Amino acid sequence: ILNVEQSPQSLHVQEGDSTNFTCSFPSSNFYALHWYRWETAKSPEALFVMTLNGDEKKKGRISATLNTKEGYSYLYIKGSQPEDSATYLCASPKGSARQLTFGSGTQLTVLP
Amino acid sequence: NAGVMQNPRHLVRRRGQEARLRCSPMKGHSHVYWYRQLPEEGLKFMVYLQKENIIDESGMPKERFSAEFPKEGPSILRIQQVVRGDSAAYFCASSPGGPNYGYTFGSGTRLTVV
């Protein structure tokens, strides 16, 4: 993996369903992995910053895991609600850069 | 704590004019990042600055684009002689340090070139 990649590109789930999506990133020279939520007409909002292999973070119904050796992170949402509808971005520094490179995002729509 | 302030929110320029986009970082944040979102695309890195220094401008076009973050005042992204392809949303973010810190984003400036 040379870039930050996310899958799926979009996802529709029913209210109450649990869901998860994936972020893949370059595992060499790993420094940090960020997750952001971006609601329509707003600006991206930080959810998690993860730095250690095996890290697990939780914020309400949203949690994330990190595997730096294989270069992936999962974001989980338990019991999705319509207000969870947003684009979820992951980001990581690329190579020796200190700034974040963002993935294209997973657009989540939660249907009532 | 006012967060990251960007202005203007919307900017319309005719081809050939100059566009100046301003970003005041969150209080206590000395690292500023500019990203561009072209229509139907994600956030693309442009430039990373600390007070009075450009740390990385590898994502910024070499022609017509410049950025600064002076000792006093906001960070400025300047686009000279704008073209239609410059139409995009420009987001500024700030953080107190390096990649271990989450970014706080501004609301963005939507530039339209007519």
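Our structure's up above, just so we're on the same page.
An account of the accompanying structure is given in this report.

## Digging into the pattern of salt bridges
Residues and elements named next belong to chain B. Under the defined criterion, the tally for this structure stands at four salt bridges over all chains. The salt bridge partner of R20 is E18, with a shortest N-O separation of 2.9 Å. A residue is classified by how much of its surface remains accessible, and R20, at 36% relative accessible area, is partly exposed. Overall, the relative accessible area of 29% leaves E18 in the partly exposed class. Between R64 and D86 there is a salt bridge, with its nearest N and O atoms 2.7 Å apart. Of the two residues, R64 sits in the loop between β6 (53-56) and β7 (65-68) while D86 sits in the loop between β8 (75-79) and β9 (88-95), which places them 22 residues apart along the sequence. The partly exposed category is assigned to R64, whose relative accessible area is 24%. Overall, D86 belongs to the buried group, its relative accessible area being 3%. Bridged by salt links that share partners, the residues E18, R20 and R78 form one connected network.

Cut-offs applied
Residues numbered from 1 in each chain as written. Chains lettered and ligands numbered in written order. Predicted model: local features only at pLDDT ≥ 70, side-chain atom pairs only at ≥ 80, totals over all residues. Heavy atoms only, no water. Salt bridge = Lys/Arg side-chain N within 4 Å of Asp/Glu carboxyl O. Buried < 20%, exposed > 50% of the residue type's maximum accessible area, 1.4 Å probe, protein only. Helix = DSSP H or I, 4+ residues; strand = E, 2+ residues; numbered from the N terminus.

So, to be careful, I would describe these as geometric facts and stop short of saying anything about function.
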